[in-house]
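Next come the chains, spelled out residue by residue.
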Amino acid sequence: MAYNAGVTECFDVGLGAWTLDPAACIISGSFVATTQYLASFYWRPEFDVAPFPTQILLPNVVVGSWTLVQTGIICQDQCGQNAPGTLLASCVAVLPTAGLTSTTIVPVATAPAVLPGGRYWVALVVTGTTGTALAASNPGTSGSLGINMGTDVAHSRFGIAATTGALGNIVPASIVSTTSAGLCLCAGVR
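Heads up: these notes are all about the structure in this document. (Residues numbered from 1 in each chain as written. Predicted model: local features only at pLDDT ≥ 70, side-chain atom pairs only at ≥ 80, totals over all residues. Heavy atoms only, no water.)

## What to know about the nonpolar core
For the record, the criterion: Each nonpolar core is a collection of buried residues, namely Ala, Val, Leu, Ile, Met, Phe, Trp, Tyr and Cys, held together in the definition by side-chain atoms within 4.5 Å. Three labels apply to residues, based on accessible area from a 1.4 Å probe with only protein chains included: buried if under 20% of the type maximum, exposed if over 50%, partly exposed otherwise in between. The helix and strand labels rest on DSSP assignments: H or I over at least four residues marks a helix, E over at least two residues marks a strand, and numbering proceeds from the N terminus.
One finds Phe41, Leu88 and Tyr120 to be the most contacted residues of the largest nonpolar core, which totals 29 residues. At the level of secondary structure, the elements contributing two or more residues to this core comprise β3 (36–43), β4 (55–59), β5 (68–75), β6 (87–90), β9 (118–127) and β11 (158–160). Ile74, Leu87, Trp121 and Ala123 belong to the second-largest nonpolar core, a separate cluster that totals 10 residues.

## Here we look at the sheet that holds β5
Note the cut-off: The pairing criterion for strands is at least two bridges between them, as found by DSSP.
The six strands are arranged β8-β6-β5-β9-β3-β11 in an open sheet whose pairing can be described as antiparallel. Two strands close off the open sheet at either side, each with one partner strand: β8 (106–107) and β11. Here β6 pairs with β8 via two bridges, running antiparallel. By the bridge assignment, alanine 89 is partnered in β8 with proline 107.

## Remarks on the sheet that holds β4
Read from one edge of the open sheet, four strands run β1-β13-β4-β7, paired in antiparallel fashion. At either margin of the open sheet sits one strand with a lone partner, and together these are β1 (17–18) and β7 (100–104). Relative to strand β13 (residues 188–189), β1 is paired through two bridges, and the arrangement is antiparallel. Across the sheet, the residue bridging to alanine 17 is valine 189, located in β13.

## Notes on the pairing of β6
For β5 and β6, the ladder comprises three bridges, and the chain directions are antiparallel. For glycine 72, the partnering residue across the bridge sits in β6 and is serine 90.

The structure is reproduced here in structure tokens:
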């Protein structure tokens, strides 16, 4: 059931959460290899949602533009014994497909059996060449400067982890705002 009858919610399309409405997105080629992109979502346990997410969906990935991608979930706030910035689940590196890429994520050993309601990030790392994915306009441009408004660095809605390379734990206070090398990643979680 939608919370706002005039706006499509993630639950209306079978998702537990999304980072932003895909209808508000454009395609761009600004994702850079070995950069860990972050996109915030709020997990709200519902009766028809899995207790712990099992998939991350990336819409409109262009075939052949990347070698492989990895996705994961990182907590923004304390989650059981896991400090903010801890990787809670991840997938093996997969080759994206056109239209919709689905990655199957597996919880790490210290992840809770049931993901409590709260703030999390979808993390994306591209390996190999740069590529394109569905994204909103660059938040570093003057037209989109409000994208992280009202949040501190450690709770950025969209950003880049200060450490690059493999998917993993991050230091939330070291997140850098996305600039010309990054976009607001669009992803669905279920």
